[in-house]
Amino acid sequence: QGGGSATVRPAAPVVSPLEGLRGALGPDRVRYRLGAQVAEGVQPFAPDRITNPVTGGPGCARCSGTPTAPRCAPRTASGPR
C-alpha cells in the first residue's frame, strides 16, 4: 500500500519560500527578520525599541518617564492616564 509508487520527486531544485520570493521579486524588495520566539511567561522587552501608537514618541500608551526608566501609569476607572 503506497510503496514505491507513492514517492514524489520534484523536477527542479527545491528552494525555501524566502528564496523563491526573493528570486521572483528581487532581494531588494523582500526582507526577512526573525519573528517572535516561543517562550513561557511574560518576556522582557527593551522600552527604547517601542513606539507609542498615540503620540508617535518613545514608549507605550500607558507608560511615562524616560525610555530607559519607564513608569507605568496607574489604571483608573476611566482607563489609563
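Residues numbered from 1 in each chain as written. Predicted model: local features only at pLDDT ≥ 70, side-chain atom pairs only at ≥ 80, totals over all residues. Heavy atoms only, no water.

### Topic: the overall build of the protein chain
Across its full length, the protein chain holds 1 helix and 4 strands. Reading the secondary structure of the protein chain in the N-to-C direction produces α-β-β-β-β. The burial tally for the protein chain puts 9% of its 81 residues in the buried class. A separation of at least 24 residues holds for 0% of the contacts in the protein chain among residues at least 6 apart in sequence. Element-wise, carbon and sulfur atoms account for 56% of the exposed surface of the protein chain, whose accessible area totals about 7,500 Å². (Helix = DSSP H or I, 4+ residues; strand = E, 2+ residues; numbered from the N terminus. Buried < 20%, exposed > 50% of the residue type's maximum accessible area, 1.4 Å probe, protein only. Contact = heavy atoms within 4.5 Å. Areas by Shrake-Rupley, 256 points an atom, 1.4 Å probe, with all protein chains shown as cover.)

### Topic: the confidence of the model for the protein chain
Interpretation of the predicted coordinates at a detailed level should be avoided for regions scoring low in pLDDT. Confidence in the prediction for the protein chain averages 74 pLDDT; 69% of positions are at 70 or higher. Averaged pLDDT values over the elements of the protein chain bottom out at 45 in strand S3 (residues 75-76) and peak at 94 in helix H1 (residues 17-25). (pLDDT = per-residue confidence, 0-100.)

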